[in-house]
Amino acid sequence: MPTPTIVEGRSPMHVISLGAGVQSSTMALMASAGELTPMPDCAIFADTQGEPKAVYDWLDWLEPHLRFPVYRVTAGSLLAAIGAKRPHGRFRKVPIPAFVLNPDGKKGGLLNRSCTQDYKIRPINKKLRELVGLTRKRSPKYPVVEQWLGISIDEATRMKPSRFSWIEMRWPLVKVRFSRHSCLMWMAKHNYPEPPKSACFFCPYQSAGRWRSL
């Protein structure tokens, strides 16, 4: 893809943040079918290298069904980072919100996490800067990227504005009043298989049913 010239007032690049779960996959397929507009320029999948095999298989199926390219980016193996004695890299913390024991054997609580920031947001933003020609350049104070997030109406509390002046967030599923159930119904209506749940297999934020499934 050629690097565009950034011009204030020009329409921003439309990019899907593709988690490869139910909501973001439905959003991508709806956009590819013209039900969400405008047509995205691309989608970006941030790979923690810790997703279940079903997610990678699903992504392999999804890509050829989309009318725009999907870029896969990674900051390395999150699983390998968990086993390190200390976090590596500037601003990094212990990567995941693991439950820990104190040296005396008593429960120590839940650790802070930086996995989303380090292994999702930063790799995606790095690719976005490359796509719009901002590598090693100062960020403009106006949006040059419209980033689509697969947040459904039942997750509306997760909607947050962008921290960056050059990125504007968009939540297409909220705009069309789609819940997670609506996404599954849309997929079934179009005879698409049901996407797997996208989450690292070692993430502590899992339900009991999810653990049993894994």
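Small disclaimer: the values here were computed from a predicted structure and weren't measured.

### Regarding the pairing of strand S3 (residues 70–73)
Remember that side chains alternate between the two faces of the sheet whenever the strand is regular. Note: strand S2 (residues 42–46) against S3, four bridges, orientation parallel. Bridge pairing in S3 links Phe45 to Arg72. For the crossover from S2 across helix H2 (residues 53–62) to S3, the handedness is right-handed.

### Describing the sheet that holds strand S1 (residues 13–17)
The strands making up a sheet associate through backbone hydrogen bonding, with each pair oriented either parallel or antiparallel. Strand order in the open sheet formed by five strands is S3-S2-S1-S6-S7, and the pairing between neighbours is parallel. At either margin of the open sheet sits one strand with a lone partner, and together these are S3 and strand S7 (167–170). With strand direction ignored, the average angle separating the axes of adjacent strands in the sheet is 30°. Two strands pair when backbone bridges link them, and strand S6 (residues 145–149) and S7 are joined in this way by four bridges, in the parallel orientation. Across the sheet, Gln147 pairs through a bridge with Met169, a residue of S7. Against the sheet, helix H1 (residues 22–32) makes contact with S1 and S6, and its axis sits at roughly 145° relative to S1, the strand it touches most. Most of the contacts of helix H4 (residues 115–131) go to S2, to which it runs at about 145°, and overall it touches S1, S2, S3, S6 and S7.

### Things to note about the side chain of Thr48
Along the chain, the position of Thr48 falls in the loop between S2 and H2. Reaching out from Thr48, the side chain makes a polar contact with the backbone nitrogen of Gly50 at a distance of 3.2 Å. In contact with Thr48, not counting residues within four places along its chain, are Gly76, Ser77, Leu78, Tyr119, Lys120 and Cys200.

### Examining a nonpolar patch on the surface
Where nonpolar side chains cluster on the molecular surface, the patch consists of Leu79, Ile82, Phe201, Trp211 and Leu214 and spans about 440 Å² of accessible area. For Leu79, the position within the fold is in helix H3 (residues 78–82).

### Things to note about the packing of H1 against helix H6 (residues 180–189)
Running from N to C, H1 and H6 cross one another at 50°; their axes reach a closest spacing of 9 Å. Judged on the interaxial angle alone, H6 and H1 are oblique. Along this stretch, H1 crosses H6, giving a crossing that reads as left-handed. Where H1 abuts H6, its residues Val22, Gln23, Thr26, Leu29 and Met30 lie against Arg180, Cys183, Leu184, Trp186 and Met187. Across the contact of H1 with H6, the residue classes break down as seven nonpolar, two polar and one charged.

### Examining the nonpolar core
Soluble globular proteins tend to bury their nonpolar side chains together. If you look at the biggest cluster of nonpolar residues, it comprises 26 residues, and the most contacted ones within it are Ile16, Leu18, Leu66 and Phe68. Only H1, S2, H2 and H6 provide two or more residues apiece to this core. Broken down by element, this core gets its largest block of residues, six residues, from H1. By size, the runner-up hydrophobic cluster in this structure holds 16 residues, among which are Met13, Ala46, Val73 and Ile124.

The rules behind each value
- All residue numbers here refer to positions counted from 1 along the written sequence of the relevant chain.
- The predicted nature of this model means local features are confined to residues of pLDDT at least 70 and side-chain atom pairs, given and counted, to a pLDDT of 80 or more, with totals for whole chains, interfaces and linings taken over all residues.
- No hydrogens and no water enter the side-chain calculation; it runs on all heavy atoms of the structure.
- When DSSP locates at least two bridges between a pair of strands, those strands are taken to pair.
- A run of H or I in DSSP counts as a helix once it spans at least four residues, and a run of E counts as a strand once it spans at least two, with each numbered from the N terminus.
- Crossovers are described as right-handed under a simple rule: with the strands pointing away from the observer, the path leading from the first strand over the helix to the second runs clockwise.
- Think of each axis as a best-fit line through the C-alpha atoms, taken over the contacting stretch in the case of a helix, with angles from 0 to 180 degrees between the N-to-C directions.
- The contact rule is simple, with two residues in contact once any of their heavy atoms fall within 4.5 Å.
- Counted as a polar contact is a pair of N or O atoms within 3.5 Å, where, for protein atoms, one must be capable of donating a hydrogen and the other of accepting one, and residues adjacent in sequence contribute only when both atoms are in side chains.
- Each patch is built from residues lacking any salt bridge and having more than 30% relative accessible area; the joining distance is 9 Å for like charges and 5 Å for nonpolar side chains (Val, Leu, Ile, Met, Phe, Trp, Tyr).
- For every accessible area listed, the method is Shrake-Rupley and the probe measures 1.4 Å; residues are considered covered only by the protein chains on display.
- A pair is scored as a salt bridge if a Lys or Arg side-chain nitrogen falls within 4 Å of a carboxyl oxygen belonging to Asp or Glu.
- Reported orientations rely on four angle classes, namely roughly parallel under 35 degrees, roughly antiparallel over 145, roughly perpendicular from 65 to 115, and oblique for the rest.
- Should the near helix be turned counterclockwise from the far one by less than a right angle, the crossing is left-handed, whereas a clockwise turn marks it as right-handed.
- Three categories are distinguished: nonpolar for Ala, Val, Leu, Ile, Met, Phe, Trp, Tyr, Cys and Pro, charged for Asp, Glu, Lys and Arg, and polar for the others, with Gly belonging to the last.
- For the purposes of this section, nonpolar cores are sets of buried Ala, Val, Leu, Ile, Met, Phe, Trp, Tyr and Cys residues that join through side-chain atoms within 4.5 Å.
- Here the term buried applies to any residue with accessible area under 20% of the maximum for its type, exposed to any over 50%, and partly exposed to those in between, with areas from a 1.4 Å probe on protein chains only.

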